[in-house]
Amino acid sequence: MKILIVEDEPKTGDYLRQGLTEAGFTVDLARDGTDGLHLAQHQSYDLFILDVMLPGIDGWTLLADIRKSGVQTPTMFLTARDQVSDKVKGLELGADDYLVKPFSFAELLARVRTLLRRGRGGIESAMLNIADLELDLLRRRVTRSGKRIDLTAKEFGLLELLMRRQGEVLPRSLIASQVWDMNFDSDTNVIEVAMRRLRVKIDDGQGVKLIHTVRGMGYVLEVTEVE
Ligand code: CA
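Rules used in this analysis
Residues numbered from 1 in each chain as written. Predicted model: local features only at pLDDT ≥ 70, side-chain atom pairs only at ≥ 80, totals over all residues. Heavy atoms only, no water. Donors = N, O, S within 2.8 Å, 3.2 Å for Na, K, Ca; no water. Buried < 20%, exposed > 50% of the residue type's maximum accessible area, 1.4 Å probe, protein only. Helix = DSSP H or I, 4+ residues; strand = E, 2+ residues; numbered from the N terminus. Pairing = 2+ DSSP bridges. Axes fitted to C-alpha atoms, helices over the stretch in contact; angles between N-to-C directions. Contact = heavy atoms within 4.5 Å.

1. Quick notes on the coordination of the calcium ion
For step 1, the next point in the chain: Within the protein, Asp8 (OD), Asp51 (OD) and Met53 (O) serve as the donor atoms for the calcium ion, at 2.1 to 2.3 Å.
For step 2, the next point in the chain: Binding-site remark: the calcium ion is held by donors from one chain whose sequence spacing is D-x42-D-x1-M.
For step 3, the next point in the chain: Aspartate 51 sits in the buried class, given a relative accessible area of 3%.

Structure representation (structure tokens):
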């Protein structure tokens, strides 16, 4: 799941980005409202976390502009000002939650999870399935035939992408940009290595194979019976 943070305070921004990345989210961080607006309009996110006091466009204006362009992504405001009028203003603008600084990371994470669950219309829709493989986006848990499979954050991201686009051949360049947040560099075999590890965890010893290499093209997740 992808989160956009717009926060001009370097320490807070870095801290949030690191914490949410470690919690398994893909995070983009913008340092001002102009960059934030550009990202919000051109990329797809599951959640926005917006600081109110920003240079250039402030958080209120930013959300109003985002909503005007038709993007309805759930949004949480962060602010140092503990004032009821701010809170009302934020909620009127279509914010879904409001967190007053300073806050604990645990509290932020709990609220993020609640918003994501709500945004997806209930916990059931936070599950991705194919055959007997299940991926729970909120609990960050993967099972096959009910048996828990432990994945690293990258392996989880990789599997999530494959499951969201099952049946589609995904080129390495797309995987690199979505999961590693980097441009594809043909000198690196980081994707092959991660894919091999993931495949061992998901498919080894299974009669039905799910992860497949399409030579010269990329990878696809689909059900294939072993002959
Ligand atoms: Ca600020």
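2. Description of the pairing of strand 2 (residues 26-30)
For step 1, the next point in the chain: With 4 of 5 residues buried, strand 2 lies mostly within the body of the structure.
For step 2, the next point in the chain: The pairing of strand 1 (residues 2-6) with strand 2 spans 5 bridges and is classified as parallel. Of the residues in strand 2, the one forming a bridge with isoleucine 5 is leucine 29.

3. Considerations on the sheet that holds strand 8 (residues 141-144)
For step 1, the next point in the chain: Overall, antiparallel pairing links the 4 strands, which are arranged 6-7-8-9 in an open sheet. Two strands in the sheet have a free side with no partner beyond their single neighbour: strand 6 (127-130) and strand 9 (147-149). Averaged over all neighbouring strand pairs, the angle between strand axes comes to 25 degrees, with direction disregarded.
For step 2, the next point in the chain: Here helix 8 (residues 190-203) sits on the sheet and contacts strand 7 (133-136), strand 8 and strand 9; the angle it forms with strand 8, its principal contact strand, is near 50 degrees.

4. A look at unusual backbone geometry
For step 1, the next point in the chain: Cis geometry marks the peptide bond from lysine 101 to proline 102, where omega comes out at -5 degrees.
For step 2, the next point in the chain: By the element assignment, proline 102 lies in the loop between strand 5 (97-100) and helix 5 (105-119).
For step 3, the next point in the chain: Located in the positive-phi region is alanine 131, a residue other than glycine, with phi close to 45 degrees.
For step 4, the next point in the chain: Note on placement: alanine 131 falls in the loop between strand 6 and strand 7.
For step 5, the next point in the chain: Look at alanine 131 and you get exposed, because its relative accessible area is 53%.
For step 6, the next point in the chain: Of note in the backbone geometry, serine 145 takes a positive phi value of approximately 50 degrees without being a glycine.
For step 7, the next point in the chain: Turning to its location among the elements, serine 145 is positioned in the loop between strand 8 and strand 9.

So yeah, pure geometry; function would need other evidence.
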